[in-house]
Amino acid sequence: MAYNLKEQLSKEERFEAGHRLCAGCGAGIVCRAMMRAVEPEDKAVICNATGCLEVSSFQYPFTAWHDSYIHTAFENTSATASGVEAAYNVMKRKGKIPAERNVKILAIGGDGGTYDIGFQSLSGALERGHDFTYFCYDNNAYMNTGTQRSSATPRFASATTTPAGVESVGKKQAQKDLTQIVVSHGSPYVAQTTLIGNLKDFHEKAHKAIYTQGATFVNVLCPCPRGWQYPAEDLIKICKLAVDTCVWPLYEVENGEYRLTYEPKKKLPVEEFMSLQGRFKHCFKPGNEWTIEAAQQYVDKKWEELLAKCK
Amino acid sequence: MSIRDRLSGNEAIATAMRQINPDVFAMFPITPSTEIPQYFAQYVADGKVDTEFITVESEHSSLSACMGAEAAGCRAVTATSSAGLAYMNEVLYVAASSRLPIVLAVSCRALTGPININHDYSDSMAERDSGFIQIYAENNQEAYDNYLQAHRIAETADVRLPIMICEDGFITSHAIENIELEEDDAVKAFVGEYKPEHYLLKEENPLAVGPYGVSGYYMEARVAQAEAMKNAKRAILDVAADFERTFGRKYGLIEEYCMEDAELAIVLMGSSAGTAKAAVNELRAQGVKAGLVKVRVFRPFPGEEIAQAISHCKAVAVLDKSEGFSGCGGPLFAETASMCINLEKRPKMVDIVYGLGGRDFTVDHAKRVYRRLEKIVATGEVGPIYSHMGQRDLREDVQ
């Protein structure tokens with residue numbers, strides 16, 4: 001059945017309005033779309049890392065989640081999901097859950113809880129191959145504590161622990177390519193997506209990930225208006241520019257086979273992505289032009305590498 | 001009918017686990033608890049249990065996986081020691097506050113600095129504020145019996161707290177002793193089925209676990225948890241009473257040995273109790289009114305029971321097998337002494353830190369402690385309240 005956003009939106013919401021996420025934050029959109037990718041007749045258990053999403057969506061005595069939900073700590077979401085999956089398996093085997101009942105186990109965390117502090121437990125769970133899907137909402141820094149740099153922060157971004165200044169042009173290192181690292185684990189399905197257009201790309205990848213047996217992974221670029229410093233209404237525009245500049249290419253890897261899911265008609269200069277965001281403001285100061293050139297070179301190199309893999 | 005066998009403490013605990021057949025076991029190895037999951041892996045391989053056995057990549061993850069499984073509606077267990085327990089630290093608190101009755105077997109071992117694989121309680125004592133119930137065994141029989149009682153205590157409706165079943169690393173975990181095991185069916189009947197009221201995989205009613213609790217709610221959650229820990233005292237005694245009815249072996253919060261008319265007493269925990277009992281026997285034969293209080297349950301702390309047991313003594317030495325670095329004594333002493341504060345009449349009390357990192361504790365050491373207590377009674381002088389025993393330089397030792 002062809003994807004239709006209107007039809008999708010007619011489904012019952014499983015991530016309720018009234019959560020405390022900021023206006024212009026991508027995480028709420030990710031959660032709604034992630035839950036739409038679970039078939040309505042299936043249940044889910046969501047395992048959430050500590051972070052903005054957790055404190056904003058489950059503040060006692062309210063929860064935004066219609067499905068069962070567990071938060072334990074920051075760095076152990078994949079391990080928690082491993083335990084839920086083990087429980088599901090054993091309860092099915094012992095007849096405590098009817099054979100026909102389907103429960104999807106989803107884990108979700110920010111880049112801090114996924115790329116960095118939660119990396120060990122993610123790697124362990126991927127290697128063990130639990131049947132679950134990990135969604136990373138990558139907003140490029142530790143946003144819950146106030147925009148400290150993470151290993152997902154791009155080079156030259158000003159973060160509160162890598163601020164721009166007279167002696168600094170922001171973060172010195174390029175971001176870790178977590179999607180590639182997950183591919184190297186041999187995961188049966190890995191995808192990179194973001195929030196563009198009618199969310200078809202997100203939906204199709206999320207659905208495929210959730211309904212592929214094994215440990216699957218979806219890395220979602222998820223802008224943060226506070227950390228990236230853009231007007232709330234520009235969220236989708238920034239996502240689109242990330243894709244059209246090839247800063248965040250959309251692709252999937254199914255059993256090791258790479259497939260580009262979107263190729264920009266015209267590859268835009270990185271500058272267009274950077275210029276909308278306060279975190280790159282210093283790059284546009286006279287004398288710092290080289291940073292934009294360096295950012296462009298990096299994106300071009302990564303893009304060519306990806307294209308080679310997708311051939 | 002019980003079965004006579006010869007087992008190490010680790011194999012006794014693994015046997016109890018096999019008989020209980022928990023739903024999920026998440027493991028990560030560390031000396032000296034490693035054998036427990038190793039024995040269990042073989043039970044899985046041989047089809048003796050139908051447990052989901054998850055070989056995780058760290059202790060932080062083993063307890064996290066247990067949290068996920070227990071919250072999902074299962075009995076989840078794990079085992080660890082020393083640095084492994086320390087690495088779990090954060091998750092211990094989360095598991096307790098999430099009120100998940102996970103059972104954690106601890107083969108107690110010294111914490112690093114310098115690295116050491118032998119026994120003391122620096123690992124489990126460091127977690128005394130984590131919200132876990134803690135029960136300590138004197139020998140392999142008690143390790144087995146305590147484990148059989150663990151799930152029922154932890155799962156009691158007004159308790160719902162995780163529990164550590166502690167044995168002394170190597171001394172109990174590896175030493176092979178005679179043991180009475182119970183029949184598999186009898187164990188299963190005693191432990192019963194796990195029937196949680198609320199769990200993640202309950203179809204008709206989803207559950208949310210682990211909220212952000214702002215100041216307006218946090219304190220209520222903590223007070224409820226404190227109440228649960230108080231309730232655990234009664235639950236431990238209830239389960240022990242049923243255990244005695246079923247299997248004939250008696251347990252309490254503490255064990256009093258020759259305490260009725262004791263004038264000099266030692267308060268301690270774990271395998272040292274056997275050694276100290278031998279000293280009590282020798283001294284009693286010489287007419288010395290020596291007695292012993294073995295603390296079986298450390299959390300909840302049986303402060304009133306200990307205070308009551310020693311209130312009539314003239315002098316008491318608390319023996320701490322962990323340093324604590326408070327500068328004025330170990331944790332068992334601090335808590336024991338504080339619980340005596342309101343007694344009408346109380347004994348003179350000293351703390352002796354001993355046995356760190358597997359340092360031997362012999363009958364002679366125990367007798368020296370009683371000799372020191374005799375001297376305190378005779379002179380009325382307490383001397384140093386806090387000292388160390390069993391060091392290489394005996395000039396520094398307990399006189």
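Residues numbered from 1 in each chain as written. Chains lettered and ligands numbered in written order. Predicted model: local features only at pLDDT ≥ 70, side-chain atom pairs only at ≥ 80, totals over all residues.

A. Structural context of the interface of chain A and chain B. Chain A puts 39 residues into the contact, and the matching count from chain B is 38 residues. For the side of chain A that touches chain B, the secondary-structure elements that each account for two or more residues are β1 (43-48), α3 (52-57), β2 (68-71), α4 (77-93) and α6 (119-128) of chain A. Here the side of chain A that touches chain B gets 13 residues from one element, more than from any other, and that element is α4 of chain A. By residue class, the composition of the side of chain A that touches chain B is 19 nonpolar, 14 polar and six charged. (Contact = placed C-beta atoms within 7 Å. Helix = DSSP H or I, 4+ residues; strand = E, 2+ residues; numbered from the N terminus. Nonpolar A, V, L, I, M, F, W, Y, C, P; charged D, E, K, R; others polar.)

B. The arrangement of the sheet that holds strand β3 (residues 52-55) of chain B in detail. All names here are of chain B. Reading across from one edge, β3-β2-β4-β5-β7-β6-β13 is the order of the seven strands in this open sheet, with mixed pairing throughout. Lying at the two open borders of the sheet, with one neighbouring strand each, are β3 and β13 (297-299). Looking at each pair of strands side by side, their axes are set apart by 20° on average, direction ignored. Pairing of strand β2 (residues 24-27) with strand β4 (residues 76-80) involves two bridges; the strand directions are parallel. When the bridges of β4 are listed, Phe25 appears paired with Val77. (Pairing = 2+ DSSP bridges. Axes fitted to C-alpha atoms, helices over the stretch in contact; angles between N-to-C directions.)

C. Quick peek at helix α3 (residues 59-72) of chain B. All names here are of chain B. With 14 residues, α3 extends 20 Å between its outermost C-alpha atoms, agreeing within 8% with the 20 Å of an ideal straight helix rising 1.5 Å per residue. A large share of α3 lies buried, amounting to 14 of its 14 residues. Count one or two residues on from α3 and you reach Gly73, which has phi positive near 125°. (Expected span 1.5 Å × (residues − 1). Buried ≥ 20, exposed ≤ 12 C-beta atoms within 10 Å, placed from the backbone.)

D. Here's a closer look at the sheet that holds strand β15 (residues 348-353) of chain B. All names here are of chain B. Reading across from one edge, β10-β12-β11-β14-β15-β16 is the order of the six strands in this open sheet, with mixed pairing throughout. Both edges of this open sheet fall to β10 (254-257) and β16 (386-388), since each of them pairs with a single strand only. Neighbour to neighbour, the strand axes of the sheet diverge by 20° on average, direction disregarded. In terms of strand pairing, strand β11 (residues 264-268) meets strand β12 (residues 290-295) through five bridges, oriented parallel. By the bridge assignment, Ala265 is partnered in β12 with Gly291. Contacts from helix α12 (residues 363-379) reach β11, β12, β14 (315-320) and β15 within the one sheet, and its direction differs from that of β14 by about 145°.

E. Quick peek at the pairing of strand β8 (residues 215-221) of chain A. Residues and elements named next belong to chain A. Along β8, seven of the seven residues are buried, which leaves the element largely enclosed by surrounding structure. Neither face of β8 is open: one carries Ala215, Phe217, Asn219 and Leu221, the other Thr216, Val218 and Val220, and all of them are buried. Pairing geometry for strand β4 (residues 132-138) and β8, over seven bridges, is parallel. The residue bridging Cys136 from the neighbouring strand is Asn219, located in β8. Across five bridges, strand β7 (residues 189-194) lies against β8 in parallel orientation. Counted as the bridge partner of Thr193 is Val220 from β8. With helix α8 (residues 200-210) bridging β7 and the parallel β8, this β-α-β connection has right-handed handedness. (Right-handed = clockwise from strand over helix to strand, strands pointing away.)

F. Representation of the packing of helix α10 (residues 303-310) of chain B against helix α11 (residues 331-339) of chain B in the model. All names here are of chain B. Two numbers describe how α10 lies on α11: the axes approach to 8 Å, and their chain directions differ by 75°. The angle between α10 and α11 places the two elements in the roughly perpendicular class. Here α10 contributes Gly303, Glu304, Ile306 and Ala307 to the contact with α11, which in turn contributes Glu335, Thr336 and Met339. Among the residues making up the contact of α10 with α11, the classes are represented as three nonpolar, two polar and two charged. (Parallel < 35°, antiparallel > 145°, perpendicular 65-115°, else oblique.)

G. Inspection of the domain arrangement of chain B at higher detail. Residue and element names in this part refer to chain B. Entries for chain B in the domain assignment read domain 1 (3-247) and domain 2 (254-396). The C-alpha-based centres of domain 1 and domain 2 are spaced at 28 Å. Between domain 1 and domain 2, the contact holds 26 residues from the first and 20 residues from the second. Where the side of domain 1 that touches domain 2 is concerned, the elements lending two or more residues are α5 (122-125), β6 (133-136) and α8 (215-247). A total of five residues in the side of domain 1 that touches domain 2 trace back to one element, the largest contributor, which is α8. Along the lines of polarity and charge, the residues of the side of domain 1 that touches domain 2 split into 13 nonpolar, seven polar and six charged. (Domains from an automatic or database assignment.)

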